[in-house]
Amino acid sequence: MEPRTDPFDLLKNAGSDPGLWFLIAAPIGLLFVVGAIAAIVIYISRRREARLLIEDVNAESLSIETPVSGEDRRLAPNLAEPEPVVPTPSRPQLKVVPKAADPEPSGEDQELSELRGADRSSWLSRLRDGLSKTRDSFRASIEAVFTGKTRIDAGVLERLHEALYRADIGVATADKLVDKVRKTLEKDESTDWLAVARCLKQEAREILERPTKPLNVPAEGPWIILVVGVNGVGKTTTIGKLAAHFLAQDKKVLLAAGDTFRAAAIEQLEVWGKRLGVEVIKHKQGSDPAAVAYDGVKAAMARKMDVLIIDTAGRLHSRKELMQELEKVTRVIGKDLPGAPHETWLVVDATTGQNAVQQVKAFSEIAGVTGLVVTKLDGTAKGGVVVGISDQFGLPVRYIGVGEKAKDLRDFKPAEFVESLF
């Protein structure tokens, strides 16, 4: 039997046996190298994770917003709820205490900033796009008559009149436009669509430029604007957009929530007020609208405001008792501030076509309408109603709207409108 080798004897004799020394030292050295590499990898990984966590904290602190409630979203659809922050599964998330925030953006919001920086060329593009339905419908109806060179005769004029009528320009105004084409082109042996379009543009522009009454802005004190219209035309939203326009002109603006029949109307105006940093004078739902208007005028005078815009309840122009109440509001404003309201603007929905004509007639008799704001021109093929109303009632169109944002409501320029219409 061979004697048992003691491990300690091997260590004692390692110095005299190099092979045995290598057998013992190699595993130890390998373990040391592996351990060092692992330590370096862990260190780098932790540094990277710490950096990513810091970036997450900074990003979350910058993006914290108070969610928009369901009611606010219904009242102000333009206020978008921020997207939720989705945690990354691969690393832990830190809890961040949000800073206090207003329920809605206040002060100079994004729309107001865009409105201040909007140029005329971008507006002309939106106007042309907004009137595309009216323009395409009209041209589709009449261009077929002018496939080449065509002589202006009774048949051509009749088809032209029909196309204008379908664009809701109205019978009387269509007669004027067709008569202009007849007098200008009937002596020509042949003509084309471009020549007809030039005649129509010239006559339509003359009609729209005819009501040249300037805005009734007082020399001192607040400028009182009463806004009226039937339900569903976008009256309260239009008031918010008008407020944004006046703010962009560095005017001090005050709003009065005179539509006391609908709680939603009061809340909707408040949403616009918070977004724009504008105060809203209001009473409880069901209060006397004339009392709200009275308080609004008093507040505007006391606070030296430049503009006071008063909302009124949407009402059917066929409801006599409601129209009489509007007449009362007008009387109360006039007693409190002689000469007020300085302007009474009727908001009409272009999609209603000839029904808008009846609205203008009824509100003019009761409230003394001094100007029009035409909305939703981008959603209709009946944009010609603007020409018809202006011709029939001699009322200036103050603003037109072709979209949902404040920058999509702009002051009315007859030349721009006519070029985009035809």
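Structure: see above.
Note that residues are indexed from 1 along each chain, following the sequence as it is written. Per-residue local features of the predicted model are confined to residues with pLDDT of at least 70, and side-chain atom pairs are confined, for both listing and counting, to 80 or more; whole-chain, interface and lining totals are unaffected and use all residues. Side-chain descriptors were evaluated using all non-hydrogen atoms of the structure, hydrogens and water having been removed beforehand.

K.L.:
Honestly, the pairing of strand 6 (residues 371–375) in this entry has me stumped. Any pointers?
P.N.:
Two faces make up the sheet, and in a regular strand the side chains alternate between them. Think of it in three bands: residues with accessible area under 20% of the maximum for their type are buried, residues over 50% are exposed, and the middle band is partly exposed, with areas taken using a 1.4 Å probe on protein chains only. Here a helix means four or more residues in a row that DSSP labels H or I, a strand means two or more in a row labelled E, and each is numbered from the N terminus. Across the 5 residues that make up strand 6, a large majority, 5, are buried. Where burial is concerned, the two faces of strand 6 agree: the one with Gly371, Val373 and Thr375 and the one with Leu372 and Val374 are both buried. Inspection of the sheet shows strand 5 (residues 343–349) paired to strand 6 by 5 bridges, in the parallel sense. Paired with Leu346 across the strands is Leu372, a residue of strand 6. A crossover links strand 5 with its parallel partner strand 6, the connecting element being helix 14 (residues 355–367), and its sense is right-handed. Examined bridge by bridge, strand 6 and strand 7 (residues 397–401) share 3 bridges and lie parallel to one another. Two strands are said to pair when DSSP picks up at least two bridges between them. If the strands point away from the viewer and the path from the first strand over the helix to the second runs clockwise, then the crossover is right-handed.

K.L.:
Can you walk me through helix 10 (residues 235–248) in this structure?
P.N.:
Side chains that are three or four residues apart share a direction in an α-helix, a result of its 3.6 residues per turn. For helix 10, which comprises 14 residues, the first-to-last C-alpha distance of 20 Å matches the rise-based estimate of 20 Å (1.5 Å per residue) to within 8%. With 12 of its 14 residues buried, helix 10 lies for the most part within the structure. Within helix 10, burial applies to Lys235, Thr236, Thr238, Ile239, Gly240, Lys241, Leu242, Ala243, Ala244, His245, Phe246 and Leu247. Just downstream of helix 10, Asp250 is the residue with a positive phi angle, here 65°. In this scheme, a helix's expected span is set at 1.5 Å multiplied by one less than its residue total.

K.L.:
For this particular structure, what's the right way to read the packing of helix 6 (residues 132–142) against helix 7 (residues 154–166)?
P.N.:
The geometry of a pair of packed helices is captured by two quantities: the angle between their axes and the separation between those axes. In this analysis an axis means a line fitted to C-alpha atoms, helices contributing only their contacting stretch, and an angle means the value between N-to-C directions, from 0 to 180 degrees. Between helix 6 and helix 7, the shortest axis-to-axis distance is 9 Å and the interhelical angle comes to 160°. Considering the angle they form, helix 6 stands roughly antiparallel to helix 7. Note on packing geometry: the crossing formed by helix 6 with helix 7 is right-handed. Of helix 7, the residues touching helix 6 (which contributes Phe138, Ser141 and Ile142) are Arg159, Leu160, Ala163, Leu164 and Arg166. Charged residues are taken to be Asp, Glu, Lys and Arg, nonpolar residues to be Ala, Val, Leu, Ile, Met, Phe, Trp, Tyr, Cys and Pro, and polar residues to be all remaining types, Gly included. Classifying every residue of the contact of helix 6 with helix 7 by side-chain character gives 5 nonpolar, 1 polar and 2 charged. By the definition adopted for this analysis, an angle is roughly parallel if under 35 degrees, roughly antiparallel if over 145, roughly perpendicular if from 65 to 115, and oblique otherwise. The crossing is said to be left-handed when, going from far helix to near helix, the turn is anticlockwise and less than a right angle, and right-handed when the turn is clockwise. When checking whether two residues touch, look at their non-hydrogen atoms; a contact exists if any pair is within 4.5 Å.

K.L.:
Just checking my understanding: could you explain the sheet that holds strand 5 for this structure?
P.N.:
By way of backbone hydrogen bonds, the strands of a sheet pair with one another, either parallel or antiparallel. Strand order in the open sheet made by the 8 strands is 3-2-4-1-5-6-7-8, with mixed pairing throughout. Since the sheet does not close on itself, it has two edges, and those belong to strand 3 (280–281) and strand 8 (409–411), each with one partner. Two elements, strand 1 (residues 223–228) and strand 5, share 4 bridges in a ladder whose sense is parallel. Opposite Ile225, over in strand 5, you have Glu343 as the bridge partner. Contacts between helix 14 and the sheet are confined to strand 1, strand 5 and strand 6, with strand 5 contributing the most and set at about 160° to the helix.

That's the geometry; what it means functionally is another story.
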